[in-house]
Amino acid sequence: MRRSSIILPIIPSHGAALCFDFKGSDARVEQKEHELTAYADSDFQLGQVRDVLTNKMAKRNVDVRFLDLGKIEKIGGDKVKQVIKHPG
């Protein structure tokens, strides 16, 4: 079965592949200096965006243990955002 959606495969250390499908959603990450803001359509999807982001950062040798995850804020309807800061 062929899908025409955007799939971001993430393979964690235990070897099982996780797939996140963000087609048709407003999921995105914006950067300002040492601050990232993650946007998503729901709390669940925001968690998926954070998972993709932290995996990408870890691959680039960014120590994700020091990320400061801000409070999840509702920005209209079911849409949410979260500010993520890195002390670097």
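Scroll up a little and you will see the structure.
All values derive from a computational prediction rather than experimental measurement. (Residues numbered from 1 in each chain as written. Predicted model: local features only at pLDDT ≥ 70, side-chain atom pairs only at ≥ 80, totals over all residues. Heavy atoms only, no water.)

A. Molecular detail of the pattern of salt bridges. Under the criterion given, the structure shown has 4 salt bridges. The shortest N-O distance in the salt bridge between D26 and R28 comes to 2.9 Å. On the basis of relative accessible area, R28 is assigned to the partly exposed category, the value being 32%. Where K79 meets D41, a salt bridge forms, and the shortest distance between an N and an O atom there is 2.9 Å. (Salt bridge = Lys/Arg side-chain N within 4 Å of Asp/Glu carboxyl O. Buried < 20%, exposed > 50% of the residue type's maximum accessible area, 1.4 Å probe, protein only.)

B. Seen up close, the pairing of strand β6 (residues 73-76). The sheet contact formed by β6 and strand β7 (residues 79-85) spans 3 bridges and is antiparallel. Bridge pairing links G76 to K79 in β7. (Pairing = 2+ DSSP bridges. Helix = DSSP H or I, 4+ residues; strand = E, 2+ residues; numbered from the N terminus.)

C. Spatial organisation of the packing of aromatic side chains. Counted under the stated rule, the structure contains 0 aromatic pairs. Taking NZ or CZ as reference, R28 lies 4.0 Å from the ring centre of Y39, over its face. (Phe/Tyr/Trp six-rings, centres within 6.5 Å; stacked < 30°, edge-to-face > 60°. Lys NZ or Arg CZ within 6 Å of the ring centre and 35° of its normal.)

D. Quick look at the environment of K74. Along the chain, K74 falls in strand β6. Residue classification places K74 among the exposed residues on the basis of a relative accessible area of 60%. Distance from K74 to D41, taken between C-alpha atoms, is 9.7 Å for residues 33 residues apart in sequence. Among residues more than four places away in sequence, those in contact with K74 are K79 and V80. (Contact = heavy atoms within 4.5 Å.)

E. Examining the pairing of strand β3 (residues 28-32) more closely. Note: β3 against strand β4 (residues 35-40), 5 bridges, orientation antiparallel. For R28, the partnering residue across the bridge sits in β4 and is Y39. The hairpin formed by β3 and β4 contains 2 residues between the paired strands, and E33 there has a positive phi angle of roughly 50 degrees.

F. Main features of unusual backbone geometry. At E33, a residue that is not glycine, the phi angle is positive and equals roughly 50 degrees. On the secondary structure map, E33 appears in the loop between β3 and β4. Residue class for E33 comes out exposed when judged on its relative accessible area of 71%. The backbone of N61 shows a phi angle near 60 degrees, a positive value even though the residue is not glycine. If you trace the backbone, N61 turns up in the loop between α1 (43-59) and β5 (68-69).

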